[in-house]
Amino acid sequence: MKKNVHDKIEILRGDITKLAVDAIVNAANTTLLGGGGVDGAIHRAAGPELLAECCTLGGCQPGEAKMTRGYRLPARFIIHTVGPVWRGGNQHEPLILGNCYSNSLNLAVEKEIKTIAFPAIGCGAYGYPADQAARIAFKTTRDFLAMHNQIQRVIFVIWDERVYKAYQQML
Ligand code: AR6
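Computed from a prediction, not measured in an experiment: that's the story for all the values here. The numbering scheme is per chain: residues are counted from 1 as the chain's sequence reads. Totals for whole chains, interfaces and linings use every residue, but because this is a predicted model, local features are given only for residues with pLDDT of at least 70 and side-chain atom pairs only at 80 or more, for both listing and counting. Heavy atoms throughout the structure, all of them, feed into the side-chain values; hydrogens and water do not.

Asker: Give me the nonpolar core: which residues, what numbers.
Answerer: Here, nonpolar core refers to any group of buried Ala, Val, Leu, Ile, Met, Phe, Trp, Tyr and Cys residues whose side-chain atoms link them within 4.5 Å. Relative accessibility decides the category of a residue: with a 1.4 Å probe and only protein chains considered, values under 20% of the type maximum give buried, values over 50% give exposed, and everything between is partly exposed. With 38 residues, the main nonpolar core has Ile79, Ile116, Phe118, Phe156 and Tyr167 as its most contacted residues. The element that contributes the greatest number of residues to this core is helix 4 (residues 130-147), accounting for eight residues. Residues in contact with Ile116, not counting those within four places in the same chain, are Val21, Ala23, Val25, Ile79, Ser104, Leu105, Ala108, Ile151, Arg153, Val154 and Ile155. Counting 18 residues, the second-largest nonpolar core is a separate cluster that includes Leu19, Val21, Ile24 and Ala75. Numbering goes from the N terminus for both helices and strands, where a helix is a DSSP run of H or I of at least four residues and a strand is a run of E of at least two. We call two residues in contact when some of their heavy atoms are within 4.5 Å.

Asker: Any chance you could break down unusual backbone geometry for me, citing the residues and the numbers?
Answerer: Comment: phi is negative for the bulk of residues other than glycine, and the bulk of peptide bonds are trans. Residue Leu32 is not a glycine yet carries a positive backbone phi of 60°. Residue position: Leu32 is located in the loop between strand 2 (23-28) and helix 1 (37-46). The exposure class of Leu32 is buried, given its relative accessible area of 2%. Even without being glycine, Glu112 reaches a positive phi, approximately 60°. Checked against the element boundaries, Glu112 lands in the loop between helix 3 (93-110) and strand 5 (115-118).

Asker: Residue-level account of the site of the ligand, with values.
Answerer: Close to the ligand lie 23 residues, the nearest being Asn29, Gly36, Asp39, Ala125 and Asp160. Two N or O atoms form a polar contact when they lie within 3.5 Å of each other; inside protein one atom must be a possible hydrogen donor and the other a possible acceptor, and for residues adjacent in sequence the pair counts only when both atoms belong to side chains. Between the ligand and the protein, one listed contact pairs a nitrogen atom with a backbone N or O atom of Ile16 at 3.0 Å. Between Asp39 and the ligand, the recorded distance is 2.7 Å, taken from a side-chain N or O atom to an oxygen atom. In these tables, accessible area is a Shrake-Rupley quantity obtained with a 1.4 Å probe, and a residue counts as shielded only by the protein chains included in the view. Alone, the ligand offers 700 Å² of accessible surface; in the complex the protein occludes 89% of this. Note on definitions: the grid is 1 Å and covers protein atoms alone; a cavity is a set of points where a 1.4 Å probe fits but cannot get out; a pocket is an open set with protein on both sides within 12 Å along at least five of seven lines; lining residues have an atom within 4 Å of a point. A molecule is said to be in a cavity or pocket once over half of its atoms fall within 2 Å of that pocket's grid points. Using a 2 Å cut-off from the grid points, one finds that the ligand occupies the largest pocket. Every element with two or more residues in the shell around the ligand is listed here: strand 2 and helix 1. In terms of residue count, the dominant contributor to the shell around the ligand is helix 1 (four residues). Basically, the charged four are Asp, Glu, Lys and Arg, the nonpolar ten are Ala, Val, Leu, Ile, Met, Phe, Trp, Tyr, Cys and Pro, and anything else, Gly included, counts as polar. Considering only residue class, the shell around the ligand consists of twelve nonpolar, eight polar and three charged. Consider each residue's heavy atoms; a residue with any of them within 4 Å of a molecule or strand counts as near.

Asker: Which residues make up the layout of surface pockets, and what values do they have?
Answerer: Grid points are joined across faces, edges and corners, and a volume is the space filled by probe spheres set on the points. Its volume calculated, the largest pocket comes out at about 560 Å³. Around the largest pocket, the lining comprises 27 residues; the ones closest to its centre are Ala27, Gly37, Val38, Asp39 and Gly124. For the lining of the largest pocket, the secondary structure elements donating two or more residues are strand 2, helix 1 and strand 6 (153-158). Per element, the largest residue contribution to the lining of the largest pocket is four residues, and it comes from helix 1.

Asker: If you had to explain the packing of helix 3 against helix 4 to someone new, which residues and values would you point to?
Answerer: Viewed as axis vectors pointing N to C, helix 3 and helix 4 meet at an angle of 35°, and their least axial separation amounts to 9 Å. For the pair helix 3 and helix 4, the sense of crossing is right-handed. Mapping the contact onto sequence places Pro94, Leu97, Gly98, Tyr101, Ser102, Leu105, Asn106 and Val109 in helix 3 and Ala133, Ile136, Ala137, Thr140, Thr141 and Phe144 in helix 4. Of the residues in the contact of helix 3 with helix 4, the class split is nine nonpolar, five polar and no charged. Note on geometry: axes are C-alpha line fits, over the in-contact stretch for helices, and angles between N-to-C directions span 0 to 180 degrees. For a crossing to be left-handed, the near helix must be turned anticlockwise from the far one by less than a right angle; the clockwise case is right-handed.

Written out as C-alpha cells, the structure reads:
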C-alpha cells in the first residue's frame, strides 16, 4: 500500500548516532572537519575514518550537502550539511535552512536511500529559533516527499526538550 506523506514523517527524542537508518544527517560547519554538538557526537561514534574521508571533501557551503560512509555507525551513510548562523532572520537564514533539507533529500534520492534521519539543524550553536526551524524542516520535507516517492521514512531526531516541543507542534 502506498504511504502518504504524513505517515512517512516521525519525531523521535534521542541520540541520532544510534539510529539504524540508511543515512543520518549531520549539522556540520563549512570545514566539515568536526565540531561540537551533534557533529562532535557523530564523529566520536563513527570513528577516525570519518574525519579522514571528510578531509577529502573540500568543505561545504551553508545549505549544501555532501555524503560520506557511516563507518562505525549503525547508519550506512552520513549526509553532512551546514545550517545558517542565525543573525536575526534577514540574512537568508530561512532559504539556507530550507536548502539544507532539500539538498540532503536530493542527495539521498540520488544514492537510492529510503530511510533518513535529521537532527534539528541550526537549533544549537547556530541559534536558529526552534519553532521557525521546525516549520521549515516540516514544510520542506513534506513538499519534497510529495514530489519524490522513493524515500519511505524521515525521522526527526531531537535531543533537547525545548526543541522537541517545537517539533511536536508541527504534527
Ligand atoms: N543527536 C541528536 N541531536 C543532537 C545530538 C545527538 N547526539 N547532540 C546534539 N544534538 P548543533 P547547529 C542537537 O549545535 O546549531 C557544531 O559545532 C542539539 O541539542 O549540533 O547546526 C558544528 O561543527 C541541537 O538541538 O548544530 C557547527 O560548528 C541540534 O542537535 C555548529 O555546531 C543542533 O545543534 C552547528 O550548529
